Amino acid sequence: MISIKSPREISLMRYAGHINYLTHEEIKKHLRPGITTEELDRIAYNFIIKHDCIPSCLNYEGYPKSICISINDEVVHGIPSKRKIKNHDVVSIDLCVGYKGYHTDAARTYIIGSSSKEIEDLVENTKKALYEGLSKIKAGAKIGDIGNAISTFAHQHNLSVVEALCGHGVGTTIHEDPDVPNFGIKNTGKTLKEGMTIAVEPMLNLGDKEVCMTDLNDWVIVTEDGLPSAHFEHTVLITKDGYEILTGE
Ligand code: MF3
Ligand code: CO
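Just so it is clear, the model here is predicted, and its values are computed rather than measured.

Asks: Help me understand the state of the cysteines, please; the structure alone is not making it clear to me.
Replies: Any covalent bond linking the sulfur atoms of two cysteines counts as a disulfide. As enumerated under the stated definition, the model contains zero disulfides in all. Cys 53 takes part in no disulfide bond, and the closest cysteine sulfur, belonging to Cys 96, lies 12 Å away. For the unlinked cysteine Cys 166, the closest cysteine sulfur is that of Cys 96, found at 14 Å. When its relative accessible area of 28% is taken as the criterion, Cys 166 is described as partly exposed.

Put into structure tokens, the structure is as follows:
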């Protein structure tokens, strides 16, 4: 069942989304070579709590930290640790913020310092792919329209689309109905309606689309070929004529 949020629920999600955005901005200020991912996790935790919100990932299905930090070949769900950020790393920060029982989910990828042209393009085009997908959203559009736009854009730029993971509805829990795949056929799938809230989150790879778990832990997912991956995500509200980004500026 896909829930339709009431005006009250939407205003709670707007606040959670705003704090999600500000938490990303706070992390960005501290993101430099030498800082550990655990230190970034701590900064996020303190910031979120200070604003009367909760880091929704903490203890979610046993997840041990407040945010996910995935580096280079890590696609998603990297667990903060003593690992130090290094120059040229491709760092994805994914975080969920909840307020009074309502959650939001957003991710960004950064390059530390600089990288090769192809890796810079990977990151830039993954961000653009998110906005390509979002551009199809309005009441009456179909879920397949979003994934079709994302995968078409990705393939035009020689990137592969991770198909094993997808976007999702978001609200009273981080993951609600419906699934929002990053590939699909136009005009197929469930119909978007005003008041639905979904997280759209392309994960694009420089190499092959295949991903797998490691034997490090039960969370982190990496590319099978070891090449880098990028991830951008926003939580959005579906409106009559389009969408409102809840985790944006
Ligand atoms: N943003 C992540 C996702 O949609 C949240 C994962 S929950 C965690 O998959 F427990 F892994 F943090
Ligand atoms: Co998500």
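Asks: Can you help me understand helix 3 (residues 117–134) in this one?
Replies: Under the 1.5 Å per step criterion, the end-to-end length of helix 3 is 26 Å for 18 residues, consistent within 8% with the ideal 26 Å. Looking at helix 3, one finds that the buried residues are Ile 119, Leu 122, Val 123, Asn 125, Thr 126, Ala 129, Leu 130, Gly 133 and Leu 134.

Asks: Would you mind showing me how to read the coordination of the cobalt ion (ligand 2) here?
Replies: Ideal values for angles at a metal depend on the geometry: 109.5 degrees with four tetrahedral donors, 90 or 180 degrees with six octahedral donors. Surrounding the cobalt ion (ligand 2) are the protein donor atoms Asp 105 (OD), His 168 (NE2), Glu 201 (OE) and Glu 233 (OE), at 2.1 to 2.2 Å. Between consecutive donor residues of the cobalt ion (ligand 2), the sequence gaps follow D-x62-H-x32-E-x31-E. One end of the pair, Asp 105, is in strand 5 (residues 102–111); the other, His 168, is in strand 7 (residues 167–169), and 63 residues separate them in sequence. Overall, the relative accessible area of 3% leaves Asp 105 in the buried class.

Asks: I keep staring at the site of ligand 1 and nothing clicks. Help me out?
Replies: Surrounding ligand 1, one finds 13 residues, the nearest of these being Cys 57, His 77, Asp 94, Asp 105 and His 175. Between ligand 1 and His 77, the relevant distance is 2.9 Å, taken from an oxygen atom to a side-chain nitrogen or oxygen of the residue. Between His 168 and ligand 1, the recorded distance is 3.2 Å, taken from a side-chain N or O atom to an oxygen atom. A per-class count over the shell around ligand 1 returns six nonpolar, three polar and four charged.

Asks: Would you explain the sheet that holds strand 3 (residues 74–76) in this entry?
Replies: Picture the strands of a sheet paired through backbone hydrogen bonds; they go either parallel or antiparallel. Pairing within the open sheet is antiparallel, and its three strands lie in the order 3-12-11. Strands with a single pairing partner mark the edges of an open sheet, and in this sheet they are strand 3 and strand 11 (211–213). Along the sheet, successive strands turn relative to each other by an average axial angle of 45 degrees, direction set aside. Bridge count between strand 11 and strand 12 (residues 221–223): three bridges; the pairing is antiparallel. Looking at strand 12, one finds that Cys 212 is bridged to Val 222.

Asks: What exactly am I supposed to notice about the packing of helix 1 (residues 7–30) against helix 2 (residues 37–50) here?
Replies: A pair of packed helices can be characterised by two numbers: the angle between their axes and the separation between those axes. Their axes nearest at 10 Å, the elements helix 1 and helix 2 cross at an angle of 145 degrees. Considering how the two elements wind past one another, helix 1 and helix 2 form a crossing that is right-handed. Along its contact with helix 1, which presents Ile 19, Leu 22, Thr 23, Glu 26, Ile 27 and His 30, the element helix 2 presents Leu 40, Ile 43, Ala 44, Phe 47 and Ile 48. In terms of residue class, the contact of helix 1 with helix 2 is made up of eight nonpolar, two polar and one charged.

Rules behind the numbers
Numbering of residues begins from 1 in every chain and follows the order in which that chain's sequence is written. Working convention: letters from A go to chains and numbers from 1 go to ligands, in the order in which they are written. pLDDT decides what is reported in this predicted model: residues at 70 or higher carry local features, side-chain atom pairs at 80 or more are listed and counted, and totals for whole chains, interfaces and linings draw on all residues regardless. Think of the side-chain values as coming from all heavy atoms in the structure, minus any hydrogens and water. The term disulfide is used for any two cysteine sulfur atoms that are within 2.5 Å. Only protein chains enter the area calculation, which uses a 1.4 Å probe; residues under 20% of their type maximum are buried, those over 50% are exposed, and those in between are partly exposed. The helix count covers DSSP runs of H or I at least four residues long, the strand count covers runs of E at least two residues long, and both are numbered beginning at the N terminus. Expected helix span is taken as 1.5 Å per residue step, with the number of steps being one fewer than the number of residues. Because no water is among the atoms considered, metal sites can look incomplete, with donors defined as N, O and S atoms within 2.8 Å of the metal, or 3.2 Å for Na, K and Ca. When at least one non-hydrogen atom of a residue lies within 4 Å of a molecule or strand, that residue is treated as near it. In protein, a polar contact requires one atom able to donate a hydrogen and another able to accept it; more generally it is a pair of N or O atoms within 3.5 Å, and residues adjacent in sequence count only if both atoms are side-chain atoms. For this scheme, ten residues count as nonpolar: Ala, Val, Leu, Ile, Met, Phe, Trp, Tyr, Cys and Pro. Four count as charged, namely Asp, Glu, Lys and Arg, and the remainder, Gly too, count as polar. When DSSP finds two or more bridges between two strands, those strands count as paired. Helix axes are fitted only over the stretch in contact, all axes being lines through C-alpha atoms; the angle between N-to-C directions runs from 0 to 180 degrees. What makes a crossing left-handed is the near helix being turned counterclockwise from the far one by less than a right angle; a clockwise turn instead makes it right-handed. When checking whether two residues touch, look at their non-hydrogen atoms; a contact exists if any pair is within 4.5 Å.

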